[in-house]
Amino acid sequence: MVLEYDSGQITAGLARSRRTLVDRAAFSLEEGRTLALIGETGSGKTMIAMSILGLLPSNVTMEGGQVLFLGQELTGRRTLRSLLGVELVYIPQNGLEFLDPSRTVRRHLYDSLKKLGLRGKALERTALEKLAAVGFPDPGQVIGKYPFQLSGGMAQRVTIALAACSRARLLIADEPTNGLDHQAKVRFMALLEEQFPEAAKLVITHDIAVAKLCQTTLVLCGGRMMERGPSAALLARPRHPYTKALIGALVENGMQETPVLRPQNGPCPFFRRCPEAAPSCVPARQQAGDAQWWCSRS
Amino acid sequence: MIRGEHLGKAFGSCQVLEDVSFQIAQGQIVGVYGASGIGKSTLAKILCGVLRPDTGQVYLDGELICSARTKYRREKGIQIQMVYQQPYASLDHSQKIIDGFYELIRYHRLAPNKALARERIGTLMEEVGLSMEIVNHLPHQISGGEAQRIAIAKCLLFAPRLLILDEATSMLDVSTQANVIALVKRAMLSRGGSILLISHDKELVEHLCDQIYVFDDKKLRIKERIEP
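Residues numbered from 1 in each chain as written. Chains lettered and ligands numbered in written order. Predicted model: local features only at pLDDT ≥ 70, side-chain atom pairs only at ≥ 80, totals over all residues. Heavy atoms only, no water.

### Observations concerning the sheet that holds strand 3 (residues 18-23) of chain A
Residues and elements named next belong to chain A.
At step 1: Reading across from one edge, 3-2-6 is the order of the three strands in this open sheet, with antiparallel pairing throughout. Edge positions in the sheet fall to strand 3 and strand 6 (60-63), since each of these pairs with one other strand and no more. Averaged over all pairs of adjacent strands, the angle between strand axes in this sheet comes to 25°, irrespective of strand direction.
At step 2: Sheet strands touched by helix 1 (residues 45-53): strand 2 (9-13), strand 3 and strand 6. Its angle to strand 3, the strand with the most contacts, is close to 85°. (Pairing = 2+ DSSP bridges. Helix = DSSP H or I, 4+ residues; strand = E, 2+ residues; numbered from the N terminus. Axes fitted to C-alpha atoms, helices over the stretch in contact; angles between N-to-C directions. Contact = heavy atoms within 4.5 Å.)

### Observations regarding the environment of L29 of chain A
All names here are of chain A.
At step 1: With respect to the helices and strands, L29 occurs in strand 4 (residues 26-29).
At step 2: Of the residues examined, L29 reaches a relative accessible area of 3% and is grouped as buried.
At step 3: In sequence terms L29 and E124 are 95 residues apart; their C-alpha atoms lie 34 Å from each other.
At step 4: Ignoring anything within four residues of it in the chain, the contact list for L29 reads M1, V2, L3, T34, L35, L170, A200, K201 and L202. (Buried < 20%, exposed > 50% of the residue type's maximum accessible area, 1.4 Å probe, protein only.)

### Here's the deal with the interface of chain A and chain B
At step 1: Chain A puts 21 residues into the contact, and the matching count from chain B is 22 residues.
At step 2: Summed over both partners, the interface of chain A with chain B buries about 1700 Å², with 56% contributed by carbon and sulfur atoms.
At step 3: When the buried area of chain A at its contact with chain B is split by residue, V251, M255 and E257 of chain A rank highest and sum to 33% of it.
At step 4: Counting across the interface, chain A meets chain B through one salt bridge.
At step 5: The shortest N-O distance in the salt bridge between E257 of chain A and R186 of chain B comes to 3.3 Å.
At step 6: Classifying every residue of the side of chain A that touches chain B gives seven nonpolar, nine polar and five charged. (Buried area = accessible area lost by both parts, 1.4 Å probe. Salt bridge = Lys/Arg side-chain N within 4 Å of Asp/Glu carboxyl O. Nonpolar A, V, L, I, M, F, W, Y, C, P; charged D, E, K, R; others polar.)

### A word on the pairing of strand 5 (residues 63-67) of chain B
Residues and elements named next belong to chain B.
At step 1: Strand direction decides the pairing type here: strand 4 (residues 55-60) and strand 5, joined by four bridges, are antiparallel. Within strand 5, the residue paired with V58 across the bridge is C66.
At step 2: Taking the residues that link successive antiparallel strands as the turn, the strand 4-strand 5 hairpin has two residues, and the phi of D61 there is positive, at about 50°.

### As for the pattern of salt bridges
At step 1: Inspection of every chain in the model, using the stated rule, returns 18 salt bridges over all chains.
At step 2: Among the ionic pairs, E31 of chain A bridges to R169 of chain A, the shortest N-O distance being 3.3 Å. Taken as a pair, E31 of chain A in the loop between strand 4 and strand 5 (34-38) and R169 of chain A in the loop between helix 7 (152-164) and strand 10 (170-174) lie far apart in primary sequence, 138 residues in all.
At step 3: Salt bridges linked by common partners bring D61, E63, R73, E75, K76 and R161 of chain B together as one network.

### A closer look at the nonpolar core
At step 1: Counting 106 residues, the largest nonpolar core has F196 of chain A together with F101, M125, I150 and L165 of chain B as its most contacted members.
At step 2: By residue number, the principal contributor to this core is helix 6 (residues 174-189) of chain B, which donates eight residues.
At step 3: Structurally, this core is a two-domain feature, drawing no fewer than three residues from each of domain 1 (3-231) and domain 2 (237-298) of chain A.
At step 4: Discounting residues that sit within four places of it in the chain, F196 of chain A has contacts with I160, A163, A164, A168, L171 and K201 of chain A.
At step 5: L21, L80, A200 and L220 of chain A belong to the second largest nonpolar core, which has 33 residues in total. (Core = buried A, V, L, I, M, F, W, Y, C linked by side-chain atoms within 4.5 Å. Domains from an automatic or database assignment.)

### Quick look at the state of the cysteines
Residues and elements named next belong to chain A.
At step 1: Evaluation of the coordinates by the stated rule reveals zero disulfides over all chains.
At step 2: With no disulfide of its own, C221 lies closest to C268 among cysteine sulfurs, the gap being 6.2 Å.
At step 3: With a relative accessible area of 15%, C268 lands in the buried category. (Disulfide = S-S within 2.5 Å.)

### Considering the domain arrangement of chain A
All names here are of chain A.
At step 1: You can read the domains of chain A as domain 1 (3-231) and domain 2 (237-298).
At step 2: Put simply, the middle of domain 1 and the middle of domain 2, counted by C-alpha atoms, are 28 Å apart.
At step 3: Contacts between the two partners involve 16 residues from domain 1, matched on the other side by 20 residues from domain 2.
At step 4: Between domain 1 and domain 2 lies a buried interface of about 1400 Å² when both sides are counted; carbon and sulfur atoms form 59% of it.
At step 5: Our count for the contact surface shared by domain 1 and domain 2 stands at one salt bridge.

Given below as structure tokens:
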């Protein structure tokens, strides 16, 4: 198992209180598998990624959780720092913003390749190979460019090339396809699979079309797990009312709204907007085959 | 209601718009789609007075609001408002949300005093489905969906005749997108306004719009109108 994750409680310190951001979200990820984390804004997806990477903001703490990477607990900044960019690789949301504007694509790639121990002429050769592998027909043209000379799509491909300059065992991609059209999304996901066939991949997205391209999907709402299972079945036949609402909001399903239906909060984060909620609701775990969902009503 | 005639715009040697003409009637949702970088946002910026066209002119209710030779008529053009792709783009990060509203209201003299300004903000918050508590937050303390609703509320402050959504929902999750679109339709169409939806999402445009314009592959013109 590459990753065994249990969030425990991730809370943020506010001026006069603490707010729970993620509550007992747990999953594991095997080599070569892809897991999509989906949910609305504020559902805790990015906090989960940050907690794995040890990059939680200073006012946010993780209590009672555990992150096992290849069976070893990821504790201490030194262990994490030695793994980041080498075996534990992050692909950001916005390639253009992520790249250092004062450095060329070459300098970015050299830095990552030096971490792998490459020196001299091997640096340029490998950097060009990596750019060619992510679909640049003439890598020699791109390698000397600064980020502002790249389009959004090109910058996103450079970030994949950078990620490919590693021995990635676990890849975390945070909303990697935001703002791309459908064809570009499909190409991006295919490229990820092609470049990292052995790595475990955690894809954070709010895009159902991207989740469909992953093997497994975990649906989050308000920091809690709502439903989990093989993507094809989960997205075709959702069981939790929240997943049903997400699917119903797609354009092809008529963009159905999920308005607030009741004033009071309930046992489930979706309670106020849930069309199926009742006072007797219990977010107990249900299971059928590989599918799991946390709702007593469905 | 709004008519653009023979609009053209170039940036250096790159011709982005050429001979673009279109019409948006009252109460209509009009869509414009095309690939990224093809000139959709340039057109929106001309309508809002952010860019001046090199050729052509724009009319609102038969009155000229901008052309290659004349300055943008702000007092008329304020009835055209735009919501941007980045939810936080129209929010000042160092300013509480309510202070951003007060600033707009004061500058455009939309309310005679603070109490009435606050009342107006309250009505708008209700209209976009947010609680009044949220206006005391800083932008980084609210979600992307909430920030986009605030941006819409700021546009509605001017009771616009045309609201332009420039990829305004492409950064939002599906359920927030559906809720935001529904609220824009309610807020604009109920008062006889129109919506210009600019997107690279063909399905979204086809689902929502009464009339659709497509940018052709030469990046030059709006060439096609498809009746739904």
